[in-house]
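Summary of structural features
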Number of protein chains: 4
Amino acid sequence: MSDSNTSSVNGNGIGVVHGSFHMTGDGRRKSCWYEEEIAQNLRWCFALNSILHTGATQYQDIALLDTKPFGKALVIDGKLQSAEVDEFIYHESLVHPALLHHENPKAIFIMGGGEGSTAREILRHRTVENVVMCDIDEQVVDFCKSYLVANKEAFFDSRLHLIINDARAELEKREDHFDVIIGDLADPIEGGPCYKLYTKSFYESTLKPRLNKGGIFVTQAGPAGVFSHTEVFSCIYNTLRQVFKYVIPYSAHIPSYADTWGWVMASDSPFMADAEELDGRIRQRVQGENRYFDGKTFISASTLSKAVRKSLDEETQVYTEGAAKFIYGHGMLVN
Amino acid sequence: MSDSNTSSVNGNGIGVVHGSFHMTGDGRRKSCWYEEEIAQNLRWCFALNSILHTGATQYQDIALLDTKPFGKALVIDGKLQSAEVDEFIYHESLVHPALLHHENPKAIFIMGGGEGSTAREILRHRTVENVVMCDIDEQVVDFCKSYLVANKEAFFDSRLHLIINDARAELEKREDHFDVIIGDLADPIEGGPCYKLYTKSFYESTLKPRLNKGGIFVTQAGPAGVFSHTEVFSCIYNTLRQVFKYVIPYSAHIPSYADTWGWVMASDSPFMADAEELDGRIRQRVQGENRYFDGKTFISASTLSKAVRKSLDEETQVYTEGAAKFIYGHGMLVN
Amino acid sequence: MSDSNTSSVNGNGIGVVHGSFHMTGDGRRKSCWYEEEIAQNLRWCFALNSILHTGATQYQDIALLDTKPFGKALVIDGKLQSAEVDEFIYHESLVHPALLHHENPKAIFIMGGGEGSTAREILRHRTVENVVMCDIDEQVVDFCKSYLVANKEAFFDSRLHLIINDARAELEKREDHFDVIIGDLADPIEGGPCYKLYTKSFYESTLKPRLNKGGIFVTQAGPAGVFSHTEVFSCIYNTLRQVFKYVIPYSAHIPSYADTWGWVMASDSPFMADAEELDGRIRQRVQGENRYFDGKTFISASTLSKAVRKSLDEETQVYTEGAAKFIYGHGMLVN
Amino acid sequence: MSDSNTSSVNGNGIGVVHGSFHMTGDGRRKSCWYEEEIAQNLRWCFALNSILHTGATQYQDIALLDTKPFGKALVIDGKLQSAEVDEFIYHESLVHPALLHHENPKAIFIMGGGEGSTAREILRHRTVENVVMCDIDEQVVDFCKSYLVANKEAFFDSRLHLIINDARAELEKREDHFDVIIGDLADPIEGGPCYKLYTKSFYESTLKPRLNKGGIFVTQAGPAGVFSHTEVFSCIYNTLRQVFKYVIPYSAHIPSYADTWGWVMASDSPFMADAEELDGRIRQRVQGENRYFDGKTFISASTLSKAVRKSLDEETQVYTEGAAKFIYGHGMLVN
């Protein structure tokens, strides 16, 4: 103690330590922070170990940070995309409910998903023969391929076919069909880049025709918290309700997002599997062990609280091209 | 514009951008911050480009950060030591007044200074034949030698002799004398590591005997702002007043410290040089051009404002070993 | 626009606006922030409208803030206690499951609860005849009575009996019995103030004897997120498992806490009510409408995700007086 | 100690303290912060005691905060205007050099200054018979009149004549003359509200004609730090150099601004007073004692460092109406 004190004397002397010299090891480790305004007037900050990589693609800024609370974090245009320690919650929830409710999913299409984690979860399913991952930003895909160790194997799986294109353009021109289509895109903010991929007409005219009989569509659906679910979750649900016979909204709390997140699964065939059936299919079809998702988890995730259930039932807005234009100006004022 | 919008659609789609998607390039560039509490209840934060190096020596934590407002910054135990863009203010102010007021400075001793910048400024003086730099933390010296490009040349100058030792122990055992001794140490916080290097008895019994006739001692003296000068600046001044015939306190605002900084120069020979004389000596003796310091700068720096001058005149505290122990407890309460 | 520009000219001139003058209305509204380190290396910050009241009781600091994202927020010793906009999630979840699973709850005891919100929810139950609220800090109770408008009515309900005492001491000396006992206390951090109110011996020897036949105990049980549930939630569950025949852990995401929160309900009589039964009892017994809780909400809340369920099953630690002392040091390392 | 621990048990129990319970008294006191981006990528944060008043005038947002490091702080449109503990540095520096260099200042005109502190310092001069304070924002003046106790007396001094108008319009229509005109306005940011009050043509055609023979003009001149002086300080200096025979730039570090601040004093009569003369005039003319300014302080303040002196000498930009328009777009890009 007095030793370390004495010694750090001139150690500090290498320059001037201005202000108080005794820092707790703890204080020390918190000089650098990642900060994000996850909502207006609300900030979420992670202490940083290091900034591993930063760069700019043709389309966006990208960074890989090493954070103390959540491990390696992928940040795009200043927004956290996924964090090492809990991305499994997001990706297991996005992928497994749809694939497990399907009788025999062989062909899968991913809109976006360039990070590779969605493909990784899909490829754990033994039934899967062909995965088309369609992301527009080749540099981001390359970035993730190089730096996201957890997804390395998936990127080199022979069943994965990577296409660099706009997901809508790609689906419009293709003529093959898929058992499951997965939307792993940015939220449908009016006037925003992904809005066109969440509209009723896109679902009806472009996406649904690409599904095989019994096919299932699932999409990430934005924040689904007691308050935040009205941002986009309830509208995505209501829009899909106009297009598919059976629609199941579900959610899960993701610590690094500081919010509960939502997904919506839709099909024209009923979702028959109960918790036991889902657990049985996991045992048969899925390689390795899930950390988050199983039959009971789905019961919980798909049983929404009174507050959220109520406003989903009452939601009337539908995302349409028209609405887009109309709401755009408003959207801009809001943002 | 609309292009980049459209395109960044699925680009963002590599994961989910939750919250608003349109970030200004500006917002983007400010996700990572270095934060320091430079005083109680006062924070100073720099946006970060990257964390270049972090490590821990036997004595302390050390980091080299690339900050947006101040360039590369050396941080020790969570405290900014010096920043690339303005360390010249600190180091020119620490070194040149003493060396230029001396008739012919040949032998210089640095207490601390492991960063290398103080040696760099000293070695610009053609009169200097021998510089002893005494720092206790070899790993910090090695760290700075490797990473602080601006000081590389100085570290390899044949006139520089690096000694790894406690500056007090070193001065006690040496028998040679110096024209100028420079204190580049942490502040004398009661109970802190460097306190013993600021006491009246250290100055009288250990340091002063190592000065040649006409020798000058100068030390960094902590914050010297209208309020902050009472932390240590006024006491260092008052302590040196007890030991040397002629004592000159001076200060300069250092942007990256968010404060005005102080130094005190002391000798038993009068300081005779006026602004013109100082400028003449700079032309004769100093290689390269100063960015901050010249004769007029010294007139300004050594003419303190009424507020600071007044409380320096009225300062009664003297740093003594006894006081150290006594004040220690109090110091701890304060900090 | 240009008007307001021109005019704000000398308006700004009332002093000096240093730095850029054009602030977005948005930027403007975000100068003041409430900041909390909700976990090591993790910060949660709310923009502030105002600081309504601050004070210090005999035991702790207390503040009532008006925050932009979550409305009025009660903060004790620098930790958010509850926020106006979402405290209903915490308090409905704490109170209604236990009272609704009981056949006919008349007498209720609250350990802590000085804020008044827990009493407010209990008093909505028509069956309730007597509520004893036992909190140690009279000044906090008075503070909440004065400032938390939503609880005013509850504080003045004739069925509420407020006692200022340590909950353990109170339960030890009482001889009457209760249908439901509710723990609304700080987390059982080893060496912390509330630890003694979460131990096996306290539950067995002090609390359980005060329950009527068919009585139910429920306690808040700390964070219950995918990672945070191991802090105390799993141990509280495992400790109660040693004392009661039937134990149900459940959880809900609370936006202002930036985490999922947990509660544990325990009894020696089985919990028989299903979702429909719970909804029926709500209709019969509860005045006013719940915002968050109903039968389905309880199904979801009490069906934990695989990750949490697994580690609750595997939890072996039990809170005991002995353990307390033993674990204390460890606890300190952790904190 | 253990007492307060024990007791705070259920005290905390009034709700849930989530996370660690042991806060240092210090940590406790730092939940609320005022934050300002004083430059791009640079933040300055003060711990808050309270938010005393907030409001919006016809022109701007205004707030009075009680900060821990700097006392009461006036904030306009999210920018600190002046802080209780150090506004004396700014206002003594703005007012006294001009009034003391003048032989016998009787009539003074303030452009802006609605805060009242500038008038307060002027009114301390016994020679002053008439002060015209011209600010455009009546509500801000009323706000300061009500809340800034230190200026109450000044606001009610019979020698003060408050006019609500644009300073330029007012000077254009007036026909009386002044011994000293003081500019206490926002910085001349291209396209900004105050730009027109810093141009060569305004000084030549509008301001100078309103000065008596021997009259002096002084203006706040923005940041004057080693780097920040190029924002506006050097251009204001260079512009005044085109219009007046004698021009003196000077500066002082203001802790709450986290920067050195600048002022420029100009006249067609030489500035003759030396330090002793200035001190003599202070004794004769000024009521009460200055805290910051005296003869020596002015010597120091008006002797700029080599770095700043050099770039002031080399400054070529002149603020002109034309330039304003031309630079406007550029300015907007930059900001």
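Everything numeric in this text was worked out from a predicted model, so none of it was measured. (Residues numbered from 1 in each chain as written. Chains lettered and ligands numbered in written order. Predicted model: local features only at pLDDT ≥ 70, side-chain atom pairs only at ≥ 80, totals over all residues. Heavy atoms only, no water.)

Another aspect to go through is the overall build of chain A. Of regular secondary structure, chain A possesses 13 helices and twelve strands. Looking at the 335 residues of chain A, the share that counts as buried comes to 66%. For chain A, the proportion of contacts with a sequence separation of at least 24, taken over those separated by at least 6, is 66%. Total accessible area on chain A stands at roughly 11,600 Å², and carbon and sulfur atoms take up 50% of it. (Helix = DSSP H or I, 4+ residues; strand = E, 2+ residues; numbered from the N terminus. Buried < 20%, exposed > 50% of the residue type's maximum accessible area, 1.4 Å probe, protein only. Contact = heavy atoms within 4.5 Å. Areas by Shrake-Rupley, 256 points an atom, 1.4 Å probe, with all protein chains shown as cover.)

Right, let's get into the pairing of strand E2 (residues 42-56) of chain A. The sheet contact formed by strand E1 (residues 32-39) of chain A and E2 of chain A spans six bridges and is antiparallel. Within E2 of chain A, the residue paired with Glu 36 of chain A across the bridge is Trp 44 of chain A. Here E1 of chain A hands over to E2 of chain A after two residues, with Asn 41 of chain A in that stretch at a positive phi of 70°. Here five bridges tie E2 of chain A to strand E2 (residues 42-56) of chain C, and the two strands are oriented antiparallel to one another. Within E2 of chain C, the position partnered with Arg 43 of chain A by the bridge is Cys 45 of chain C. With seven bridges joining them, E2 of chain A and strand E3 (residues 61-67) of chain A adopt antiparallel strand pairing. Looking across to E3 of chain A, one finds that Thr 54 of chain A is bridged to Ala 63 of chain A. Joining the antiparallel neighbours E2 of chain A and E3 of chain A is a turn of four residues. (Pairing = 2+ DSSP bridges.)

Attention now goes to the sheet that holds strand E10 (residues 211-223) of chain C. Residue and element names in this part refer to chain C. With mixed pairing, the seven strands of this open sheet are ordered in space as E8-E7-E6-E9-E10-E12-E11. Looking at which strands have only one partner, the edges of the open sheet turn out to be strand E8 (160-164) and strand E11 (246-254). Strand-to-strand twist in this sheet, taken as the mean axis angle between neighbours without regard to direction, amounts to 15°. Two elements, strand E9 (residues 178-184) and E10, share five bridges in a ladder whose sense is parallel. (Axes fitted to C-alpha atoms, helices over the stretch in contact; angles between N-to-C directions.)

All names here are of chain A. Assigned domains of chain A: these are domain 1 (7-85) and domain 2 (87-323). Taking the mean C-alpha position of each, domain 1 and domain 2 sit 31 Å from one another. Contacts between the two partners involve 21 residues from domain 1, matched on the other side by 17 residues from domain 2. Approximately 1,500 Å² of surface area, both sides summed, lies buried where domain 1 meets domain 2, with 65% of it carried by carbon and sulfur atoms. Our count for the domain 1 to domain 2 interface comes out at eight residue pairs in polar contact (both at pLDDT 80 or more). Broken down by secondary-structure element, the contributors of at least two residues to the side of domain 1 that touches domain 2 are E2, E3, strand E4 (71-76) and strand E5 (79-83). The residue makeup of the side of domain 1 that touches domain 2, split by class, is 14 nonpolar, six polar and one charged. (Domains from an automatic or database assignment. Buried area = accessible area lost by both parts, 1.4 Å probe. Polar contact = N/O pair within 3.5 Å; in protein donor to acceptor, adjacent residues only side chain to side chain. Nonpolar A, V, L, I, M, F, W, Y, C, P; charged D, E, K, R; others polar.)

Turning our eyes to something else, we now look at the UniProt feature "active site" (unreviewed entry) in chain A. All names here are of chain A. The feature "active site" (unreviewed entry), as given by UniProt, occupies Asp 184 in the numbering adopted here. In this structure, Asp 184 sits in strand E9 (residues 178-184). Here Asp 184 falls in the buried class, since its relative accessible area comes to 0%. (UniProt positions renumbered as here; feature names shortened; annotations may be inferred.)

With that settled, the discussion passes to the packing of helix H9 (residues 233-241) of chain C against helix H12 (residues 306-314) of chain C. All names here are of chain C. Two elements in contact, H9 and H12, have axes whose closest approach is 9 Å; the angle formed by their N-to-C orientations is 45°. Taken as axis vectors, H9 and H12 run oblique relative to one another. The handedness of the crossing between H9 and H12 comes out as right-handed. Judged by residue contacts, Phe 233, Ser 234, Tyr 237 and Arg 241 of H9 engage Val 308, Leu 312 and Asp 313 from H12. Per-class residue counts for the contact of H9 with H12 are four nonpolar, one polar and two charged. (Parallel < 35°, antiparallel > 145°, perpendicular 65-115°, else oblique. Left-handed = near helix turned anticlockwise from the far one by under 90°.)

Okay, helix H5 (residues 138-147) of chain B next. Residue and element names in this part refer to chain B. Those residues of H5 not exposed but buried are Val 140, Val 141, Phe 143 and Cys 144. Projected down its long axis, H5 shows its buried positions confined to an angular sector of 160°, all on one face. Buried-residue contacts for H5 involve strand E2 (42-56), strand E3 (61-67), strand E4 (71-76), strand E7 (130-135), helix H6 (152-155) and strand E8 (160-164). The backbone nitrogen of Gln 139 lies 3.1 Å from a side-chain oxygen of the residue at the head of H5, namely Asp 137. (Arc of directions from axis to C-beta.)

Let's shift gears to the UniProt feature "domain: PABS" (unreviewed entry) in chain A. Within this structure's numbering, the places UniProt gives as "domain: PABS" (unreviewed entry) are residues 31-268 of chain A. With 25% helix and 40% strand, the stretch residues 31-268 of chain A has end C-alpha atoms that lie 53 Å from each other.

The next point concerns the pattern of salt bridges. Counting across every chain of the model gives 72 salt bridges over all chains. The salt bridge involving Glu 35 of chain D is made with Arg 43 of chain A; its shortest N-O contact spans 2.5 Å. On the criterion of chain membership, the pair formed by Glu 35 of chain D in strand E1 (residues 32-39) and Arg 43 of chain A in strand E2 is interchain, its members lying in two chains. Like Arg 43 of chain A, Glu 35 of chain D is buried. We note a salt bridge from Glu 103 of chain C to Arg 281 of chain C, for which the minimum N-O separation is 3.2 Å. Highlighted residues: Glu 103 of chain C in the loop between helix H3 (87-101) and strand E6 (107-112) and Arg 281 of chain C in helix H10 (residues 275-285), separated in sequence by 178 residues. (Salt bridge = Lys/Arg side-chain N within 4 Å of Asp/Glu carboxyl O.)

Attention shifts here to the packing of aromatic side chains. Within this structure, the stated rule accounts for 58 aromatic pairs over all chains. Relative to Trp 44 of chain C, the ring of Trp 44 of chain A lies with its centre 5.1 Å away and its plane at 80°, an arrangement referred to as edge-to-face. Of this pair, Trp 44 of chain A sits in strand E2 while Trp 44 of chain C sits in strand E2, which puts the two residues in different chains. The class of Trp 44 of chain A is buried, set by a relative accessible area of 2%. Aromatic pair Phe 143 of chain C and Tyr 147 of chain C: ring centres 4.7 Å apart, planes at 65°, arrangement edge-to-face. Placement of both Phe 143 of chain C and Tyr 147 of chain C in helix H5 (residues 138-147) is noted, with a separation of four residues, approximately one turn of the helix. Assessed through its relative accessible area of 32%, Tyr 147 of chain C is described here as partly exposed. Ring pairing ties together the aromatic residues Tyr 34, Trp 44, Phe 46 and Phe 70 of chain A together with Tyr 34, Trp 44, Phe 46 and Phe 70 of chain C, which thus form one cluster. Positioned above the aromatic ring of Phe 88 of chain B, the side-chain terminus of Arg 291 of chain B is 3.8 Å from the ring centre. One Lys or Arg, Lys 208 of chain C, reaches over the ring of Phe 244 of chain C and ends 5.1 Å from the middle of that ring. (Phe/Tyr/Trp six-rings, centres within 6.5 Å; stacked < 30°, edge-to-face > 60°. Lys NZ or Arg CZ within 6 Å of the ring centre and 35° of its normal.)

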